[in-house]
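Remarks on the overall topology
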Amino acid sequence: MKTIILHSQDLAVAKLVAQHIDADIQQKRTHFRFSTQKNIDLNTLRERFKLDFNLIPENFLTDKVALFVSDMDSTLINIECIDEIADFANLKPQVAAITEKAMRGELDFDSSLSERVALLKGLEVATLEKVYTQKLQVNPGGQELINFLSGRNIKSAVVSGGFTYFTDRLAADIGLDYSRANTLAESNGCLTGVTQGAVINANAKADFIHELCELNSISTKQVIAIGDGANDLEMMKVAGLSVAYHAKPIVAQQADIAINVGGLDKIIDLFDT
């Protein structure tokens, strides 16, 4: 028996869906569930009703989830930090174009990061504070999701191809247990145009999950990983459940779960609350 989630509280729509796919319907606190033996084309449902639908993988056990790992830029937060930093140097179009290509998987991440960071050379470090306080916001439902996970004793982490200035501060502000990202080198109060240490790329993100699993004595099957760009694919592959959040097509096509309409709190629906 397959279980399909409608991430909506609209009863009228739920009844239409149940009739459309000839399935039994069950109303939950935040969503509806449909049980059916049929193979349902989720993309057809998504297109017809303009809502999020997901099939719960048969091997996904919510009571076993022990770790949630999220990408930061455009996933946990509303911006691409490096693009907004570049905006203060009047270089946003150039940097954003490189970011977009990297997220679509059209550019090697390491070289694209190096190219973008080089454009920031000479910018005052104080610019990072402006980006964090003036432009960065947690995406809708993000804080609610982290609070929910914390209440279930599920550890949470942010890992990013962006920068520690933002990941570390964000983790402290919203209650994440772990964070990892690239470190921007600076000198005399200005960015030097390079990063320090190993680059946090797609493979490093996957390695971070393995590291946290070992640290917490858990299996990768107990991990939910969420992202939106090509740089997130490797960590999503090693996780027990992968979630594409308002993601690029290359990511949405490979993820177990896709959230294209709602906020991050829609992930709570998977826990059958």
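Quick summary incoming for the structure in this document. (Residues numbered from 1 in each chain as written. Predicted model: local features only at pLDDT ≥ 70, side-chain atom pairs only at ≥ 80, totals over all residues. Heavy atoms only, no water.)

1. A look at the pattern of salt bridges
The tally for this structure, following the rule as stated, stands at 13 salt bridges. For the salt bridge of Arg169 with Glu129, the shortest nitrogen-to-oxygen distance reads 2.6 Å. Here Arg169, found in helix α9 (residues 164-174), pairs with Glu129, found in helix α7 (residues 126-134); they are 40 residues apart in sequence, far enough to count as distant. Connected via shared salt-bridge partners are Glu84, Asp87, Lys92 and Lys135. (Salt bridge = Lys/Arg side-chain N within 4 Å of Asp/Glu carboxyl O. Helix = DSSP H or I, 4+ residues; strand = E, 2+ residues; numbered from the N terminus.)

2. Side note on the sheet that holds strand β11 (residues 257-259)
Ordered by their spatial adjacency, seven strands build an open sheet running β8-β7-β6-β5-β9-β10-β11, and the pairing between neighbours is mixed. For this open sheet the edge positions go to β8 (190-196) and β11, each flanked by a neighbour on one side alone. Strand-to-strand twist of the sheet, defined as the mean angle between neighbouring strand axes without regard to direction, takes the value 25 degrees. Pairing analysis gives four bridges linking strand β9 (residues 223-227) to strand β10 (residues 241-245), with the strands arranged parallel. (Pairing = 2+ DSSP bridges. Axes fitted to C-alpha atoms, helices over the stretch in contact; angles between N-to-C directions.)

3. A look at helix α8 (residues 142-151)
Listed in full, the buried residues belonging to α8 are Gly142, Leu145, Ile146, Phe148 and Leu149. Angular distribution of buried residues about the axis of α8 spans 160 degrees; they occupy a single face of the element. Lining the buried residues of α8 we find β5 (67-70), β6 (155-163) and α9. A positive phi of about 60 degrees marks Asn153, the residue just after α8. (Buried < 20%, exposed > 50% of the residue type's maximum accessible area, 1.4 Å probe, protein only. Arc of directions from axis to C-beta. Contact = heavy atoms within 4.5 Å.)

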